[in-house]
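Descriptive structure summary
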Amino acid sequence: MFTKKDTTFVIAEAGSNWKTKDTKSSIQRAKKMIITASKCGADAIKFQTYSPNGVYVNDAGKSDYLAKTGIKKSINQIFNDFSMPYEILPILSDFCKKHKIQFMSTPFSLDDAKAVNKFVKTHKIASYEINHIPLLKFIAKTKKPVIISSGASTLDEIDFAIKTLKKFGSKNICVLQCTACYPAPINSLNLSTIRQLNKKYKVSIGLSDHSIDPIIAPLVAIGYGAKVIEKHFTLNKNFAGPDHSFAINPEELKTMIEFVRKADGSKGTGKKEILSVEKELSIFAKRSLQATTKINKGDKLQLGVNFEILRPGKRSRGIDPRFISKVNGKKSKSIILNGNGIRFSDIQN
């Protein structure tokens, strides 16, 4: 849906980590993040687009979670500080095209979505917007692929979101398992839910990973069938901002993507068969019916007397032991040298 078959779509989540104290340096950092994500092998880099007045009510207070990280500002002030002016969207979009990485940005309001839609191929809906009906309707009507996070959501809420998206035109939907905790402890990720979501909704499933470790969750998620991996990253974990501390750094992002691609390569065709790399040892080491003495024409073939179930090595390979009932007790119509395999053509009817 989002990428080649059996290749995981990796989103390097820039979030608000591109923002500095002024617009010029913010754009410079954003561009550096785009270059980094592209060099690390990500399929897309995702930002967040919102205006400070379109998310929380006035005087919404302070988040306990953010307070624990040392951020003492109100949530309204934080969203004001890390908002993305719409005029930056074409700058970042064009820069992504130049560096051959897909540009994405999560809108938090209907106006945000209208602004973002001009520049993205794929929409992303954040966990806390899963019940944002006007946003769901607008994005669905664009007919573009949509990825929706499911952090802190019930199946009823996910049901509603998917039904709404489909009702208004969405055909390509991906649901991300997500634990809405920053950072999320490894034992809180509930990755086996990916199978449940896949079975229930028959859509692509992925993971929005808020854990600190760059390897464990993405690989386990792929093992459960995830097609999309989203992971926050930063140029420096010590930068000021709410999302830097739990994001992975460029070196970790590169390592994560390298492991993801190796995991992709391990998936194979999905068809159980003897692979080309197995053929030589399959013939050499898999047991077959092999003569243990010289067998003359007319001799009775007897397991434990003149033949055994052995690995043939470089000797001629005999009949598979599954068919021993068609050999044991029958007479040989050929001379079979000690060590050679007994073939069907050696047996008298």
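In what follows, the accompanying structure is described. Please read these numbers as outputs of a predicted model, since none were measured by experiment.

What about the overall build of the chain?
- A tally of helices and strands in the chain yields 11 helices and 10 strands.
- Rg of the C-alpha trace for the chain: 30 Å, well past the compact-globule value of 20 Å for 349 residues, more than 25% over.
- A total of 349 residues make up the chain; the buried ones form 46% of that total.
- Long-range contacts, defined as pairs at least 24 residues apart, comprise 66% of the intrachain contacts of the chain with a sequence gap of at least 6.
- About 17,900 Å² of surface is accessible on the chain, with carbon and sulfur atoms providing 52% of the total.
- One finds the centroid of the 58 positive side-chain charges in the chain at a distance of 8 Å from the centroid of its 30 negative side-chain charges.

Some remarks on the nonpolar core
- Within the largest apolar cluster, 60 residues are counted, with the highest numbers of intra-cluster contacts made by Ile45, Phe47, Val175 and Phe233.
- No other element matches helix α1 (residues 23-40), which puts six residues into this core.
- For Phe233, the residues in contact, after removing those within four places along its chain, are Ala12, Glu13, Ala14, Asn17, Met33, Thr36, Ala37, Ile45, Ala247, Ile248 and Leu253.
- Membership of the second largest hydrophobic core comes to 10 residues, among which are Ile295, Leu301, Val327 and Ile336.

Regarding the sheet that holds strand β1 (residues 9-15)
- Strand order in the open sheet formed by eight strands is β3-β2-β1-β8-β7-β6-β5-β4, and the pairing between neighbours is parallel. Each having just a single partner strand, β3 (102-107) and β4 (123-125) make up the two edges of the open sheet. Taken pair by pair, the neighbouring strands of this sheet meet at an average axis angle of 25°, ignoring direction.
- Contacting β1 and β8 (228-232), helix α10 (residues 250-266) runs over the sheet at an angle of about 160° to β1.

Re a positive patch on the surface
- Residues Lys137, Lys141, Lys143, Lys167 and Lys171 make up a contiguous surface patch of positive charge.
- Take Lys143: it is sitting in the loop between α6 (133-141) and β5 (146-149).

Section: the packing of aromatic side chains
- Going through the model one piece at a time under the given rule, you end up with eight aromatic pairs.
- For the pair Phe47 and Phe103, a centre-to-centre distance of 5.9 Å together with 35° between the ring planes defines the contact as tilted. Of this pair, Phe47 sits in strand β2 (residues 44-49) while Phe103 is found in strand β3, placing the two residues 56 residues apart along the sequence. The same class applies to Phe47 as to Phe103, namely buried.
- On the basis of an interplanar angle of 45° and a centroid distance of 4.7 Å, the ring pair of Tyr50 and Phe79 is categorised as tilted. In this pair, Tyr50 sits in the loop between β2 and α2 (64-68) while Phe79 sits in helix α3 (residues 75-81), placing the two residues 29 residues apart along the sequence.

Overview of the pairing of strand β7 (residues 204-209)
- Among the six residues in β7, five count as buried, and that is most of the element.
- As defined by bridge partners, strand β6 (residues 173-178) adjoins β7 across five bridges and the pair is classed as parallel. Within β7, the position partnered with Gln177 by the bridge is Leu207.
- Read from β6 through helix α8 (residues 193-201) to β7, the crossover connection turns out right-handed.
- Note that β7 and β8 share four bridges and pair parallel. Its bridge partner being in β8, Asp209 is matched across the sheet by Lys231.
- Regarding the hand of the β-α-β motif, the stretch spanning β7, helix α9 (residues 216-223) and β8 is right-handed.

So, unusual backbone geometry
- Residues Tyr182 and Pro183 are joined by a peptide bond in cis, for which omega reads 0°.
- With respect to the helices, strands and loops of the structure, Pro183 is situated in the loop between β6 and α8.
- For Asn190, which is not glycine, the phi dihedral falls at a positive 50°.
- By the secondary structure assignment, Asn190 is in the loop between β6 and α8.

Cut-off values and rules
- Residues numbered from 1 in each chain as written.
- Predicted model: local features only at pLDDT ≥ 70, side-chain atom pairs only at ≥ 80, totals over all residues.
- Heavy atoms only, no water.
- Helix = DSSP H or I, 4+ residues; strand = E, 2+ residues; numbered from the N terminus.
- Rg over C-alpha atoms; globule rule 2.2 N^0.38 Å.
- Buried < 20%, exposed > 50% of the residue type's maximum accessible area, 1.4 Å probe, protein only.
- Contact = heavy atoms within 4.5 Å.
- Areas by Shrake-Rupley, 256 points an atom, 1.4 Å probe, with all protein chains shown as cover.
- Lys, Arg positive; Asp, Glu negative; His and termini not counted.
- Charge placed at Lys NZ, Arg CZ, Asp CG, Glu CD.
- Core = buried A, V, L, I, M, F, W, Y, C linked by side-chain atoms within 4.5 Å.
- Pairing = 2+ DSSP bridges.
- Axes fitted to C-alpha atoms, helices over the stretch in contact; angles between N-to-C directions.
- Patch = residues over 30% accessible without salt bridge, like charges linked within 9 Å, V, L, I, M, F, W, Y side chains within 5 Å.
- Salt bridge = Lys/Arg side-chain N within 4 Å of Asp/Glu carboxyl O.
- Phe/Tyr/Trp six-rings, centres within 6.5 Å; stacked < 30°, edge-to-face > 60°.
- Right-handed = clockwise from strand over helix to strand, strands pointing away.

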